[in-house]
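Chain by chain, the residues:
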Amino acid sequence: MNIEKYDHKMIESKWQRVWEDRGVFHAEQHSGKPKFFALVEFPYPSGQGLHVGHPRSYTALDIVARKRRLEGYNVLYPIGWDAFGLPTENFAIKNHVHPAEVTKKNIAHFKSQLQALGLSFDWSREINTTDPKYYKWTQWIFLKLFQKGLAYKKEMAVNWCTSCKCVLANEEVVGGVCERCHSEVVRKVKSQWMLKITEYAERLIQDLDLVDYPERVKIQQKNWIGRSTGAEVDFETTLGDTLTVYTTRPDTLFGATYMVISPEHPLIEKWADKISNIDEIRSYQYEASKKSDFERTEVAKDKTGVRLDGVEAINPVNGRQIPIFISDYVLVSYGTGAIMAVPAHDTRDWEFAKKFDLPIIEVVKGGNVEEAAFTDCATGIMVNSGILDGLTVDEAKKKIVDYLNETKKGHTKINYKLRDWVFSRQRYWGEPIPIVHCPDCGAVALPESELPLELPEVESYEPTDNGESPLAAIESWVNTTCPKCGKPAKRETDTMPQWAGSSWYFLRYMDPHNDTALASREALEYWSPVDWYNGGMEHTTLHLLYSRFWHKFLYDIGVVPTPEPYAKRTSHGMILGENGEKMSKSRGNVINPDDIVNEYGADTMRVYEMFIGDFEKAAPWSTSGIRGSRRFIERYYGLASILIEGGLRSELESKFHKTIRKVSEDIETLKFNTAIAALMSLINDIYATKSITREELRIFTILIDPFAPHVAEEVFAMCSLGDGLVCDQQWPEYDENKCKDDTVEIAVQVNGKLKARIKIAADADEAAALEAAKAEPKVAEFTDGKNIVKEIYVKGKLVNIVAK
RNA sequence: GCGGGUAUGGCGAAAUUGGCAGACGCAAGGGACUUAAAAUCCCUCGGACUAAUACUCCGUACCGGUUCGAGUCCGGUUACCCGCACCA
């Protein structure tokens, strides 16, 4: 059959239009079919447009979604826009346009880029976090959190980005600098909205058992939550107040030779007039407060501190009086902000003790505590420890905790490194926090009927140096009345962080136009949970953790039907620049997906990104490599010109069945690269026969459809391979029995070294195989005159003859 | 420092989980077609020794071990990547 030259532009725009007109990718709201909810992280519509990294994730789940449809599932594969955020706001400030305008423009650009890739998104369910109809429900969830006491306002030291002029969550501070702009982060005391994610710490760990996530993601979340088991111990002081410390090594209590409290510890104020060197203490506190967290940790090598003169602590197990220091190596925000120092068995305490010449008492035998702290818990035996002497560390821990409990001097305690989530931002382009501050009633929730609380129009979006949101300048908006008592009151002027809208967005896809609930109960029951969620590793301790927290909360108040939002999570690797470095404007190695789609077509782009290497690992872009994918597409398209009538030919039968099996399995395990390799290998074999039958082309077309859907539709229509579209067909099945060949080539080894290859019947028994092997002259040459010690036959693989 | 990961041709990578190392693709070289080029098609393509696609030997970061047999398992070493980092 004569065919036109492959013209990707014509073919791709044609089929994109057909899909759109027929609405073939719209999920059915009610269906007798099994459901499948595939989810990719919705993009932030930045001014730069799509990055080549986006299609890697989107194409992967597009392949899964398309395969599921062919397998008869009712598939929901939605997309939307995580559109609140700083870059848009900064652009708006610089160019004097409204952030909503910028957002609209960016979304239009992103949308056209995504549509050009032929991704099978259900565009009828598109959502946008900056749409008041959407953020009404973000605010609604916040009110629920507030009503349950999980959102609270607190005066506290926060991470302050000096360039964004905004508070950051702990998760947004990376290596001491702002995750976004890499500027210095300092500590600032401010009143902030907080979310009690710590209340869910235990369940966020435990419920990882319920989900199918990569192990590295689970480990990273567990480490971030940082659960540790220890004890709180009360030390009386010579001034009468009790100083409580947290320790994971209560067994070393007899070895405590001094105490350290953080510079911010409240007892210092209480003791102020009894401490004789209070000026020295004050100046140390001042110095510490000036330092950012980063600086504090940078000087980790050199310990500093000041002893509190005029007060000592009393060790509850031996009555020994020991000095108390302040030092910034003890953090206010963890445990009780105070520690008992056991220099013999803790590296940090050891360094401090050496520097300040404090006694080091060995209580666990096994090391040389004059040389270094001995921290090994597994092998040591307790000494110098009264009732604990002779016990192992584990036994000692148990016994001392029992003792502390009995004597009411302490108790078991579990601590987490996880901190509550700093939830307010002093910026314009975010969801307004729906709270009113009343002089009489305090913080009062806006009634639900007043949601959404929309962002007011404002003249200037500039962040202010005094740390207030630009919203604070709009008096007409700020001044309101208290919903409770009706007296004059002021609105909260901080907005929510970008993570708010993305913490529940997948729920909205289930029922995106509902204006009486975030989604109907029916939709939530039908679609929950997300069956497969793919996204980046960088969100493991941010979005992924936050959204699990919100989901658990919504589960607790009866809104959602499952305790976990995502049944399965996978992660794609980054696409690097051609030079192997991360793509960035400053490195000049950015590839624009538009250029690739223009020059080679979406199908080539899709196949290339899936063929580039292990999906879960980083891979460098290769401009010449993409030509191989284009050739493959053209070779597939060219099959139409050698089409003959007929069914599956016997010489290709097992190859076809094996390929169906390989492609089917590889898509499920994210091995898109080997699935494509299998299709390439099959096409090579087909070309070797110089023809392809109608049935063979039909099967091949359905197999290639998830990867290269436009050209598949074109060939399907051009060659009249069936009714309707490719996406109306059924995924082909394979027969395990037909995957086998009658004869196989196996290796013949002598003493483990390859000497020959022989063709034998696939089901040949050992005797037959050995006979055939020994008939090989090469084999005879190496075994003649030797004793055959052992003979090994692995069916379908090899024969190994061991001769001495 | 702690936690996780990776290491295979000139390059991206495969290898049914202990069984023929390098599938598939890129790049390169040679040939066909062409006035020529591009495209396409065919052949070669880990290294050493070779006239040779005869032989033979070496080869999956490095050292050692288990095994008839190791890229794969075990012990140790090195390098690189990612995450966390004074969390008591």
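Residues numbered from 1 in each chain as written. Chains lettered and ligands numbered in written order. Predicted model: local features only at pLDDT ≥ 70, side-chain atom pairs only at ≥ 80, totals over all residues. Heavy atoms only, no water.

1. Focus on the overall build of chain A
Line of reasoning, step 1. Of regular secondary structure, chain A possesses 25 helices and 33 strands.
Line of reasoning, step 2. Once the C-alpha set of chain A is aligned to its principal axes, its extents read approximately 100 × 85 × 50 Å.
Line of reasoning, step 3. Counted over contacts in chain A with a minimum sequence separation of 6, partners at least 24 positions apart contribute 73%.
Line of reasoning, step 4. Taken together, the 100 basic and 117 acidic charged side chains of chain A have centroids lying 2 Å from each other. (Helix = DSSP H or I, 4+ residues; strand = E, 2+ residues; numbered from the N terminus. Contact = heavy atoms within 4.5 Å. Lys, Arg positive; Asp, Glu negative; His and termini not counted. Charge placed at Lys NZ, Arg CZ, Asp CG, Glu CD.)

2. Structural notes on the pattern of salt bridges
Line of reasoning, step 1. With the rule as written, the count across this model stands at 43 salt bridges.
Line of reasoning, step 2. Among the ionic pairs, arginine 307 bridges to glutamate 312, the shortest N-O distance being 2.9 Å.
Line of reasoning, step 3. A relative accessible area of 34% means that arginine 307 is categorised as partly exposed.
Line of reasoning, step 4. A salt bridge links glutamate 525 to arginine 521; its shortest N-O distance comes to 2.9 Å. (Salt bridge = Lys/Arg side-chain N within 4 Å of Asp/Glu carboxyl O. Buried < 20%, exposed > 50% of the residue type's maximum accessible area, 1.4 Å probe, protein only.)

3. Considering the side chain of lysine 190
Line of reasoning, step 1. Within the secondary structure, lysine 190 sits in strand β9 (residues 185–195).
Line of reasoning, step 2. The side chain of lysine 190 sits in the buried core without any salt bridge; aspartate 494 is the nearest counter-charge, 6.1 Å away.
Line of reasoning, step 3. Apart from residues no more than four positions distant in its own chain, lysine 190 is found in contact with Lys154, Glu155, Met156, Val158, Trp160, Val167, Gln426 and Gly467.

4. Overview of the protein's contact with RNA strand B
Line of reasoning, step 1. Around RNA strand B sit 52 residues, and of these Arg348, Lys417, Arg631, Arg757 and Lys797 come closest.
Line of reasoning, step 2. Atoms of RNA strand B within 4 Å of the protein belong to the sugar or the phosphate in 62% of instances, the rest to bases.
Line of reasoning, step 3. Serine 624 places a polar side-chain atom, nitrogen or oxygen, 2.9 Å from a sugar or linking oxygen of RNA strand B.
Line of reasoning, step 4. Glutamate 745 places a polar main-chain atom, nitrogen or oxygen, 2.7 Å from a base nitrogen of RNA strand B. (Near = heavy atom within 4 Å. Polar contact = N/O pair within 3.5 Å; in protein donor to acceptor, adjacent residues only side chain to side chain.)

5. Points about the nonpolar core
Line of reasoning, step 1. Trp621, Tyr636, Phe700 and Phe707 are the most contacted members of the largest nonpolar core, which has 88 residues in total.
Line of reasoning, step 2. It is helix α21 (residues 672–688) that provides the largest number of residues to this core, a total of eight residues.
Line of reasoning, step 3. In contact with phenylalanine 707, not counting residues within four places along its chain, are Ile63, Asp603, Arg606, Val607, Val663, Ile667, Phe672, Ala675, Ile676 and Leu679.
Line of reasoning, step 4. Residues Leu39, Ala92, Ile197 and Leu208 belong to the second largest nonpolar core, which totals 84 residues. (Core = buried A, V, L, I, M, F, W, Y, C linked by side-chain atoms within 4.5 Å.)

6. Quick word on helix α17 (residues 593–600)
Line of reasoning, step 1. Burial in α17 covers these residues: Pro593, Ile596, Val597 and Tyr600. All buried residues of α17 project into a common sector of 100° when viewed along the axis, lining one side.
Line of reasoning, step 2. Looking at the buried side of α17, the elements it contacts are α1 (8–22), α4 (99–116), α18 (602–611) and α19 (625–638).
Line of reasoning, step 3. Its side-chain oxygen 2.9 Å from the backbone nitrogen of aspartate 594, asparagine 592 forms the N-cap of α17.
Line of reasoning, step 4. Once α17 ends, the next one or two residues include glycine 601, with phi positive near 100°. (Arc of directions from axis to C-beta.)

7. Description of the pairing of strand β10 (residues 227–237)
Line of reasoning, step 1. Across seven bridges, the pairing between β10 and strand β18 (residues 410–416) is antiparallel. For glycine 230, the partnering residue across the bridge sits in β18 and is lysine 413.
Line of reasoning, step 2. Bridging between β10 and strand β11 (residues 242–247) involves six bridges; their strand directions are antiparallel. Opposite phenylalanine 235, over in β11, you have leucine 243 as the bridge partner.
Line of reasoning, step 3. What sits between the antiparallel neighbours β10 and β11 is a turn of four residues, in which glycine 240 has the positive phi angle 95°.
Line of reasoning, step 4. Here β10 pairs with strand β13 (residues 306–314) via two bridges, running antiparallel. Note on β13: the bridge partner recorded for threonine 237 is alanine 313. (Pairing = 2+ DSSP bridges.)

8. What to know about a negative patch on the surface
Line of reasoning, step 1. Together, Asp742, Asp763, Asp765 and Glu766 make up a region of like negative charge exposed at the surface.
Line of reasoning, step 2. Tracing the sequence through the fold places aspartate 763 in the loop between β31 (753–761) and α24 (766–774).
Line of reasoning, step 3. By relative accessible area, aspartate 763 is classed as exposed at 59%. (Patch = residues over 30% accessible without salt bridge, like charges linked within 9 Å, V, L, I, M, F, W, Y side chains within 5 Å. Areas by Shrake-Rupley, 256 points an atom, 1.4 Å probe, with all protein chains shown as cover.)

9. Observations regarding the sheet that holds β31
Line of reasoning, step 1. If you trace the four strands from one edge of the open sheet to the other, you get β31-β30-β33-β32, paired in mixed fashion. Looking along the sheet, the strands with just one partner apiece sit at the ends: β31 and β32 (788–794). In this sheet, neighbouring strand axes are inclined to one another by 20° on average, regardless of whether the strands run parallel or antiparallel.
Line of reasoning, step 2. Where strand β30 (residues 743–750) meets strand β33 (residues 798–803), four bridges bridge the pair, whose relative direction is parallel. Its bridge partner lying in β33, valine 748 is registered against valine 799.
Line of reasoning, step 3. The sheet strands contacting α24 are β30, β31, β32 and β33, and the helix crosses β32 at an angle near 115°. (Axes fitted to C-alpha atoms, helices over the stretch in contact; angles between N-to-C directions.)

10. Re the confidence of the model for chain A
Line of reasoning, step 1. Looking at chain A as a whole, its pLDDT mean stands at 92, while 99% of the residues score no less than 70.
Line of reasoning, step 2. For this predicted complex, the interface score ipTM comes out at 0.95, alongside a pTM of 0.93. (pLDDT = per-residue confidence, 0-100.)

11. Observations regarding unusual backbone geometry
Line of reasoning, step 1. Of the consecutive residues leucine 451 and proline 452, the connecting peptide bond is found in the cis state with omega at -5°.
Line of reasoning, step 2. Within the secondary structure layout, proline 452 lies in the loop between β21 (442–445) and α13 (475–478).
Line of reasoning, step 3. Phi at histidine 96 takes a positive value of approximately 55°, unusual for a residue other than glycine.
Line of reasoning, step 4. Along the polypeptide, histidine 96 turns up in the loop between α3 (86–95) and α4.

12. As for the sheet that holds strand β25 (residues 569–571)
Line of reasoning, step 1. As summarised here, the arrangement of the four strands in space is β2-β1-β24-β25, forming an open sheet in which the pairing is parallel. The open sheet is flanked by β2 (74–76) and β25, the only strands paired with a single partner. Direction aside, neighbouring strands of the sheet carry axes that sit 20° apart on average.
Line of reasoning, step 2. The sheet contact formed by strand β1 (residues 35–40) and strand β24 (residues 532–535) spans three bridges and is parallel. Bridge pairing in β24 places valine 40 opposite asparagine 534.
Line of reasoning, step 3. Packing against the sheet, helix α2 (residues 53–70) makes contact with β1, β2 and β24, and its axis sits at approximately 170° to β1.

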